[in-house]
Amino acid sequence: MAKSSTPASGSRKIRSALISVYSKDGLEPIIRQLHELNVVLYSTGGTQSYIEKLGIPATSVESLTGYPSILDGRVKTLHPAVFGGLLARREKAHLDQLKEFNIPEIDCVIVDLYPFEETVATTNDPSEIIEKIDIGGVSLIRAAAKNWKDVSVVASREEYPVFLEMLQEHEGEISAFNRRELARRAFKVTSNYDIAIFNWFNEGTTDISFKYSIHRSDILRYGENPHQSGVFFGDFDKVFDKLNGKAISYNNLVDIDAAVQLMREFQLGKPTFAILKHTNACGVARRNTLIDAWKAALACDSTSAFGGIFITNTTVDIETAAEIDQLFYEVLIAPDFAADALEFLSKKKQRILLKIKTFEIKERTFRSLLNGVVEQDADLKTETEADLNAVTKRLPTPKEVGELLFAVKCVKHLKSNAIALVKERQLIGMGCGQPSRVDALRQAIAKAKSFGFDLNGAVMASDAFFPFPDCVEIAAEAGITAIIQPGGSVKDQDSIDACDQRGLAMVMTGFRHFRH
């Protein structure tokens, strides 16, 4: 954080501090520094015991209020004898009132709130969650932050290091600049806390409110293009261990997200490799060994793979690493890397290597649009054999069923309008982002042929229904034998009839997978 380097006019010497924290981690140096500066310490319960175990005296809040901690600790600091000392402006009228009621000035508050969000993440017990809604702590923070012109506030353990530096720099004198900055940070903490509580209470209700608060942020090198600035709000480290490479860019993040969503569909089972470019899969293959999966994925479109995002569902071994290293790429994602493979790949210092910790993704997604935001359920549907409704005279063979399920996973992660062509668990052709489904199919066929694939016996997946039978006719002419699509067109029967006339099998799922 930016700090004033000198105690300018408006600086305040800390002579008293109230400390009431949940987490004691990192607190000891501050307590010792305050004691060295002859600051009078007030505290409560466990925090007071902690301070006294350090051999440092602390005055109990109960001695200020004349009341003990009551209601199982729910009420400890909520009293005029505490809040008067925090909220009083350091001017005659207010100071006279403090003197009249024998209330001491409190120059600093240090608080670390009950871990509400962490509790929600680890239990569904409402009684336990309720008890982690901090009342006194939030009130102390808000009071001190409101009166920042006279009071310093430390609102979470994340602020301990910078506050300690302030104390040491000017022997307990905190500038107005720094007090205001601490207040700003304090309201950031309490606003985030209140939103988390609201969202928990609001879950399952009919109140539609858009309230998100993401505390952590990382400034990116730039946005989608160099003339745009960019920031990532989130905790990247919860999903990945970054093992090597340059700083991750905006475009990297967008592609990494698309790669994780795709590989989530294939995270179990045989080794699978996927190659993505601008969020679209240009190569996907599943094989008995990782090296074969890599070679098959690369063969799908070896041109587009250059500079792409690579992802797999299994540990990268040295044999596969050596093959991958022959091609320039931006990011390689895997659940793990063999030690020799990691050492080998890390020789290219700019290549980003990510060890993925989880394939879980948010159940709700949102994006900015016009002068607001749109929010929706994430498309988490993964079709199984039970979802397939055979609508043609010829039923798909067991082998075709497996291929169709593979194909629909692929097409789901292509930009609409999208077509995926699959053969032997390999994405041999793809068409995406086209204004018509016919264009997407023709693009997919042309791509497959340009890389030498034989389309005879391949299957086709479409992200949405066929409004006309033309796609079936083109597919049959190319050698495709089975089709998967959601259905739902008023002219579905025309496409079914076209399949029957040409001996194709077609199944409908009832699930559309538009992606814009």
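Refer to the structure printed above.
Undergrad: Would you mind showing me how to read the overall build of the protein here?
TA: Secondary structure summary: the protein contains 18 helices and 23 strands in total. Compactness check: the protein gives a C-alpha radius of gyration of 31 Å against a globular reference of 24 Å for 516 residues, more than 25% above the reference. Projected onto its principal axes, the C-alpha positions of the protein cover 100 × 55 × 40 Å. Burial statistics for the protein: of 516 residues in total, 49% are counted as buried. Here the contacts in the protein between residues at least 6 apart in sequence split such that 57% fall between residues at least 24 apart. Entry remark: accessible area of the protein is about 25,100 Å², with carbon and sulfur atoms responsible for 51%. Distance between charge centroids for the protein: 3 Å, based on 61 positive and 68 negative side chains.

Undergrad: Help me understand helix α10 (residues 176-202), please; the structure alone is not making it clear to me.
TA: Residues lying three or four places apart along an α-helix face the same way, a consequence of the helix completing one turn every 3.6 residues. Taking 1.5 Å as the rise per residue, α10 with 27 residues should run 39 Å; its terminal C-alpha atoms sit 38 Å apart, in good agreement. Just beyond α10, the residue with positive phi is Gly-204, at close to 85°.

Undergrad: Help me understand the side chain of Asn-313 in this model?
TA: Looking at where Asn-313 falls in the secondary structure, it is placed in the loop between β13 (308-312) and α13 (318-324). Here the side chain of Asn-313 touches Lys-270 through a polar contact of 3.0 Å, landing on its backbone oxygen. Here the side chain of Asn-313 touches Thr-272 through a polar contact of 2.9 Å, landing on its backbone nitrogen. In contact with Asn-313, not counting residues within four places along its chain, are Met-263, Phe-266, Gln-267, Leu-268, Gly-269, Lys-270, Pro-271, Thr-272, Arg-286 and Pro-335.

Undergrad: Which parts of the structure should I look at to understand the sheet that holds strand β3 (residues 40-43)?
TA: Spatial ordering of the open sheet is given by β4-β3-β2-β5-β6, a layout of five strands whose pairing is parallel. For this open sheet the edge positions go to β4 (59-60) and β6 (152-154), each flanked by a neighbour on one side alone. Where β3 meets β4, two bridges bridge the pair, whose relative direction is parallel. Paired with Tyr-42 across the bridge in β4 is Thr-59.

Undergrad: Just to check I follow, could you spell out a nonpolar patch on the surface for this structure?
TA: A cluster of nonpolar side chains, contributed by Phe-210, Tyr-212, Phe-366 and Val-373, occupies part of the molecular surface with about 360 Å² of accessible area. With respect to the helices and strands, the residue Phe-210 is situated in the loop between α10 and β8 (217-219).

Undergrad: Would you explain the packing of aromatic side chains in this entry?
TA: By convention here, two paired aromatic rings are described through the distance between centres and the angle between planes. Scanning the entire structure with this criterion turns up 13 aromatic pairs. Seen from their ring centres, Phe-116 and Trp-200 are 6.2 Å apart, and the 80° between their planes marks the pair as edge-to-face. Residue Phe-116 is found in helix α6 (residues 116-122), and its partner Trp-200 is found in helix α10; the two are separated by 84 residues along the sequence. Owing to a relative accessible area of 2%, Phe-116 belongs among the buried residues under this scheme. Seen in terms of ring centroids, Trp-200 and Phe-201 are 5.0 Å apart; in terms of plane orientation they differ by 75°. Their pairing is edge-to-face. Chaining the aromatic ring pairs together yields one cluster made of Phe-116, Tyr-193, Trp-200 and Phe-201. For Arg-180, the ring lying beneath its charged end belongs to Trp-148, and the centroid distance is 5.9 Å. A cation sits over an aromatic face here: Lys-211 above Phe-198, 5.7 Å from the ring centre.

Undergrad: Explanation requested: the state of the cysteines in the structure shown.
TA: A covalent bond between the sulfur atoms of two cysteines is referred to as a disulfide. Across all of its chains, the model carries zero disulfides by this definition. With no disulfide of its own, Cys-499 lies 11 Å from the sulfur of Cys-471, the closest cysteine sulfur.

About the criteria used
Residues numbered from 1 in each chain as written. Predicted model: local features only at pLDDT ≥ 70, side-chain atom pairs only at ≥ 80, totals over all residues. Heavy atoms only, no water. Helix = DSSP H or I, 4+ residues; strand = E, 2+ residues; numbered from the N terminus. Rg over C-alpha atoms; globule rule 2.2 N^0.38 Å. Buried < 20%, exposed > 50% of the residue type's maximum accessible area, 1.4 Å probe, protein only. Contact = heavy atoms within 4.5 Å. Areas by Shrake-Rupley, 256 points an atom, 1.4 Å probe, with all protein chains shown as cover. Lys, Arg positive; Asp, Glu negative; His and termini not counted. Charge placed at Lys NZ, Arg CZ, Asp CG, Glu CD. Expected span 1.5 Å × (residues − 1). Polar contact = N/O pair within 3.5 Å; in protein donor to acceptor, adjacent residues only side chain to side chain. Pairing = 2+ DSSP bridges. Patch = residues over 30% accessible without salt bridge, like charges linked within 9 Å, V, L, I, M, F, W, Y side chains within 5 Å. Salt bridge = Lys/Arg side-chain N within 4 Å of Asp/Glu carboxyl O. Phe/Tyr/Trp six-rings, centres within 6.5 Å; stacked < 30°, edge-to-face > 60°. Lys NZ or Arg CZ within 6 Å of the ring centre and 35° of its normal. Disulfide = S-S within 2.5 Å.

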